[in-house]
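Structural description and commentary
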Amino acid sequence: MKKGDILEGIVEKIEFPNKGVVICGSGTCVVKNTLPGQKISFMVSKARKGKAEGRILEVLEKSPLETASPCPCFGSCGGCTYLSLPYEEQLRIKEEQVKKLLDSVLGRQGRGYVYEGMKPSPVPYGYRNKMEFSFGDEQKDGPLALGMHKRGSFYDIVTVDGCQIVDEDYRKILRCVRDFFAERKVSFFHRLRHEGYLRHLLVRKAAKTGEILIALVTTTQEEHDLKPFTDALLHLDLAGKIVGILHTKNDSNADVVKNDGTDILFGQDYFYDELLGLKFRISEFSFFQTNTYGAEELYRTARDYIGLLPKEGEKGPVVFDLYSGTGTIAQMVAGAAEKVIGVEIVEEAVEAARKNAEMNGLDNCAFIAGDVLKVLDGIEEKPDFIILDPPRDGIHPKALRKIIDYGVERLVYISCKPTSLVRDLEVFLEKGYEVERAVAVDQFPWTANVETIVLLSYKSQIESLM
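In this report, the structure presented in the accompanying data block is examined. (Residues numbered from 1 in each chain as written. Predicted model: local features only at pLDDT ≥ 70, side-chain atom pairs only at ≥ 80, totals over all residues. Heavy atoms only, no water.)

Remarks on the environment of I242
Heads up, the rule is: Working definition: helices are DSSP H or I runs of at least four residues, strands are E runs of at least two. Numbering for both runs from the N terminus. Contacts: residue pairs with any heavy atoms within 4.5 Å of one another.
One can find I242 in strand β12 (residues 241–249). Not counting residues within four places of it along the chain, the set of residues in contact with I242 comprises I212, I214, L233, L234 and F266.

Things to note about the pattern of salt bridges
Our working rule: Salt-bridge detection follows one rule: a side-chain nitrogen of Lys or Arg within 4 Å of a carboxyl oxygen of Asp or Glu. Exposure categories follow from relative accessible area, calculated using a 1.4 Å probe and restricted to protein chains: below 20% of the type maximum is buried, above 50% is exposed, and the middle band is partly exposed.
Taken as a whole and judged by the stated rule, the model has 28 salt bridges. Here E15 makes a salt bridge to K13, at a shortest N to O gap of 3.8 Å. For E15, a relative accessible area of 29% gives the class partly exposed. The shortest N-O distance in the salt bridge between E351 and R354 comes to 3.7 Å. In this pair, E351 and R354 are both assigned in helix α6 (residues 347–359), 3 residues apart and thus about one turn of the helix distant. On the basis of relative accessibility, which here comes to 37%, the residue E351 falls in the partly exposed class. With relative accessibility at 40%, the residue R354 sits in the partly exposed group. Put simply, K13, E15 and K100 are held in one network by salt bridges that share partners.

Description of a nonpolar patch on the surface
Stated precisely, the cut-off is as follows: A patch consists of residues whose relative accessible area exceeds 30% and which take part in no salt bridge; residues with like charges are grouped when within 9 Å of each other, and nonpolar side chains (Val, Leu, Ile, Met, Phe, Trp, Tyr) when within 5 Å. All accessible-area figures derive from a Shrake-Rupley calculation using a 1.4 Å probe, and residue coverage is judged against the displayed protein chains alone.
On the surface, F154, Y155 and L192 cluster together into a nonpolar patch covering about 350 Å² of accessible area. Within the secondary structure, F154 is located in the loop between β8 (144–149) and β9 (157–159).

Observations regarding the sheet that holds strand β5 (residues 51–61)
Two modes of strand pairing occur in sheets, parallel and antiparallel, and in both the strands are linked by backbone hydrogen bonds. For clarity, the cut-off: Should DSSP find at least two bridges between two strands, the strands are taken to pair. Here the axes come from fitting lines to C-alpha atoms, over the contacting stretch only for helices, and the angles between their N-to-C directions go from 0 to 180 degrees.
In space, the 5 strands of this closed barrel follow the order β1-β2-β3-β5-β4, with mixed pairing throughout. Across the sheet, the mean angle from the axis of one strand to that of its neighbour is 50 degrees, orientation sign disregarded. Two strands pair when backbone bridges link them, and strand β1 (residues 6–15) and strand β2 (residues 19–24) are joined in this way by 5 bridges, in the antiparallel orientation. Across the sheet, residue K13 finds its bridge partner in β2, namely V21.

Digging into the side chain of T248
To keep things clear, this is the line we draw: Nitrogen and oxygen atoms within 3.5 Å of one another constitute a polar contact, given that in protein one can donate a hydrogen and the other can accept it, and given that sequence-neighbouring residues count only through two side-chain atoms.
One can find T248 in strand β12. A polar contact of 3.0 Å, which involves the side chain of T248, links it to the side chain of T262. Here the side chain of T248 touches E284 through a polar contact of 2.8 Å, side chain to side chain. Not counting residues up to four positions away in its chain, the partners in contact with T248 are A215, L216, V217, T218, K258, N259, G261, T262, E284 and F285.

Some thoughts on the pairing of β12
Note the cut-off: Convention used here: a crossover is right-handed provided that the path from the first strand, over the helix, to the second strand proceeds clockwise when the strands point away from the viewer.
With 8 of its 9 residues buried, β12 lies for the most part within the structure. Pairing of strand β11 (residues 211–218) with β12 involves 8 bridges; the strand directions are parallel. What sits directly across from L213, in β12, is G244. Each parallel crossover has a hand, and for β11 linked through helix α3 (residues 227–234) to β12 it is right-handed. The sheet contact formed by β12 and strand β13 (residues 262–267) spans 5 bridges and is antiparallel. The residue of β13 that forms the bridge with G244 is G267.

Structure, rendered in structure tokens:
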């Protein structure tokens, strides 16, 4: 194969996250956004040292696994990968992907581990409790669009008013907002020219309480009366209840939802949701797992792995919850611990964690704002147990060494990117840890993403139990 070749082939398998391995007469090529069993035409975009990558041009024959997609935007929108497959088939693909990645490292640990497969999301459709929609157009100088980026495009936006990973309230809000500004011919922010007004629409809805928070994100280049906009939203017939409508300014050139100041147009700038019996106050930019019912499955499993309950007459352990976000996991284990110390670099998340712990009557949780790498040196307490839930890129190598140096007998690692997890597991294995149990959890149905939980134990501890 050489760059520029246009070839045809069958997708043999999908490697994490969405890399289709295509077999053709000239060899194999990795082509993203494909499904196993599809016959496709593709262009080779890179060929070097016997490895090739390509870009899909056309699906010539559907996979025999495919069914009709419930979303009219599937294929053009870049949000979902597996929406045309039966849910059970998607679970099988992700389960095998995680197992292959774990085995690539854990095959060298000297003993087996228990792989518990894939836990499905309790709610496969309409599960998301947060969406960030972008304003733009689907083609140059086309009508106003509001939705997600078109697959493979840096600029074009697809109006996803039939999106199936959110419920009908999101779809009604999206249509209302898009139509409101389209009728008034309000400009959107052009990413190349850095001109225009409308940028993003952020919608958050609590799965348990039904409370809805809406934020319109714009530049300050224009001024508009947003009272009619607020009134239009408040007159929608929704299953949930709007508790806050915000106007957030963002004059950054980057395509991110950044806060340069927020005005409350209606109600309040927060809402409440519940998770495993605990209550959480959530603001516009607070981190909170995007699949509430899936998060309960994730944290219930993690709590089972942790197994913290002390024996009668014994005091509970000291637990470090590193990369603690808004302190969700810390509060889940607080009842069985003497003390839980959470460390998180985002100050707003730490402040939210403190308020949530106070609201839930937990006085044995302490949250520290700062980088794990630097904060650990200043903590006097020594942990009996460590919970790790790092960002997608995993743990900084120097921080990882400090964590390992505590020498705790057991720790739980929760990962939202299994490739980062297996990289960090190699270091744990080198330092005397082994994986006892592992499980995948489908937090993000129909997308290529997956959560993984592993329980690690120090070898001497394992040997004493045998």
